[in-house]
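This is what each chain is made of:
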Amino acid sequence: MKYIGNKTRLLNFIYQSMQDAKIPMRGSFCDMFGGTGSVGRFFKTKGFKIISNDIRTYSYIHQYVNVTINQRPKFDGLRTEGLEDVFEYLNNLTPAEGYVYENYAPSGKFRRKYFSDENARKIDSIRDKIEEW
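Attention in this report is confined to the structure presented alongside it. (Residues numbered from 1 in each chain as written. Predicted model: local features only at pLDDT ≥ 70, side-chain atom pairs only at ≥ 80, totals over all residues. Heavy atoms only, no water.)

Side note on the packing of helix α2 (residues 38-45) against helix α3 (residues 57-68)
And step 1. Contact geometry for α2 and α3: axes closest at 9 Å, N-to-C directions at 15°. One element, α2, and the other, α3, form an angle in the roughly parallel class. Considering only the axes of α2 and α3, their crossing is right-handed. For the pair α2 and α3, contact is made by Gly40, Arg41 and Lys44 and by Asn66, Val67 and Thr68, respectively.
And step 2. Tallied by class, residues from the contact of α2 with α3 come to one nonpolar, three polar and two charged. (Axes fitted to C-alpha atoms, helices over the stretch in contact; angles between N-to-C directions. Helix = DSSP H or I, 4+ residues; strand = E, 2+ residues; numbered from the N terminus. Parallel < 35°, antiparallel > 145°, perpendicular 65-115°, else oblique. Left-handed = near helix turned anticlockwise from the far one by under 90°. Contact = heavy atoms within 4.5 Å. Nonpolar A, V, L, I, M, F, W, Y, C, P; charged D, E, K, R; others polar.)

Below you can see the structure in the form of structure tokens.
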């Protein structure tokens, strides 16, 4: 069963329930079906070591970026004045029809509605450029 949504609105309730049940507020927290990592990210801020999983590739990427990495990338190899230059450059790339478009857009191969066609194309062009870098 696919779940399209998030658990963000439940996080304070889950945390408070753990406190009420006197669950130790240290150690590891396992985020099953991690999705975009909102649960893992939240409990990381509470000092937990996060263990997460999900079958989807997008989830692995979200978890890696939002839970594993502890600082922003520096983009040392790029000749820019800062992170804003990188964002502006990426936001102005020519859209491309790639993996995200084919798998997560209404006009793609699987006709899914995770992203609009326009946003999926934009994501694909940005993914391609970051991979190139």
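Quick look at the pairing of strand β1 (residues 28-31)
And step 1. Of the two faces of β1, the one holding Phe29 and Asp31 is buried and the one holding Ser28 and Cys30 is not buried anywhere.
And step 2. Where β1 and strand β2 (residues 49-52) come together, four bridges link them in parallel fashion. Within β2, the residue paired with Cys30 across the bridge is Ile51. (Buried < 20%, exposed > 50% of the residue type's maximum accessible area, 1.4 Å probe, protein only. Pairing = 2+ DSSP bridges.)

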